[in-house]
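One letter stands for each residue in the lines below.
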Amino acid sequence: MSVRDTILRRLRERADGALPVPEADFSIMNGRGWSLEERLQHFEAKIASVHGEVVHTTRQAWTSALRDTLMSKNVKRLGLGRQHSVASDARTALQETDIELIDADRDIEAWSREQFETLDAGLTSTRGAIAETGSLWLWPTPDEPRRLSLVPPLHIAVLDAEMIDDTFFDVIERHGWAGQMPTNALLISGPSKTADIEQTLAYGVHGPRELVILVRH
């Protein structure tokens, strides 16, 4: 009997009875069971391995950490939103500095050239992170458009430590993506990099050269 005949015979035998439902085992995708401290360690190790920089701070002092980061990176022009609390707090903390704050919630054609040529950094909030891969995940909005994290040479992201999940599967489950799939979810696993040219790794070819994550505890 050929393989084809064997398959057809088995299908016919099953036709009169209910097909067994396979047991789903998602343990390969989730079930890490890491503590908050372990998630932080995994996340930081992964993001640091691809030249991402993690700065630990508190909810009360994060704007001071932001100011120190901007000063150390010699940022003169910072793009940011208005509506999110991250942007609002940053604007208050930086108003007495020489850093020029650039509104991101504008028509893209009105400041497209400015984004590519004169913006030093972009500041965004995050929705969370993935410990297993060292990835941030964002839902861009008109207030914090996708370009804010993709165009400036430096991307500064603010992450709350308790919003780090073990795996991508855990993110999907915890935040109900099955019922409310984001239209534009953005996963970021380090600064922009490529090795297309002569297999030489280069950063900042088609995105930020640097990524700094301010982790608030």
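Residues numbered from 1 in each chain as written. Predicted model: local features only at pLDDT ≥ 70, side-chain atom pairs only at ≥ 80, totals over all residues. Heavy atoms only, no water.

Where an unreviewed UniProt entry is consulted, the chain appears under the name L-lactate dehydrogenase complex protein LldG, with the organism given as Modicisalibacter xianhensis.

Caption draft 1: Fine view of the overall build of the chain. The helix and strand tally for the chain stands at 7 helices and 12 strands. Compactness check: the chain gives a C-alpha radius of gyration of 22 Å against a globular reference of 17 Å for 217 residues, more than 25% above the reference. Classification of the 217 residues of the chain by burial places 41% in the buried group. Residue pairs in contact within the chain that sit at least 24 positions apart in sequence constitute 72% of those at least 6 positions apart. In the chain, 24 side chains carry a positive charge and 33 a negative one; their mean positions are 4 Å apart. (Helix = DSSP H or I, 4+ residues; strand = E, 2+ residues; numbered from the N terminus. Rg over C-alpha atoms; globule rule 2.2 N^0.38 Å. Buried < 20%, exposed > 50% of the residue type's maximum accessible area, 1.4 Å probe, protein only. Contact = heavy atoms within 4.5 Å. Lys, Arg positive; Asp, Glu negative; His and termini not counted. Charge placed at Lys NZ, Arg CZ, Asp CG, Glu CD.)

Caption draft 2: Spatial organisation of the pairing of strand S4 (residues 121–125). In terms of burial, S4 is largely enclosed, as 5 of its 5 residues are buried. Bridge count between strand S2 (residues 77–80) and S4: 2 bridges; the pairing is parallel. Its bridge partner lying in S4, Leu-78 is registered against Ala-121. Examined bridge by bridge, S4 and strand S7 (residues 154–160) share 5 bridges and lie parallel to one another. Bridging from a neighbouring strand, Ala-121 pairs with Leu-154 of S7. (Pairing = 2+ DSSP bridges.)

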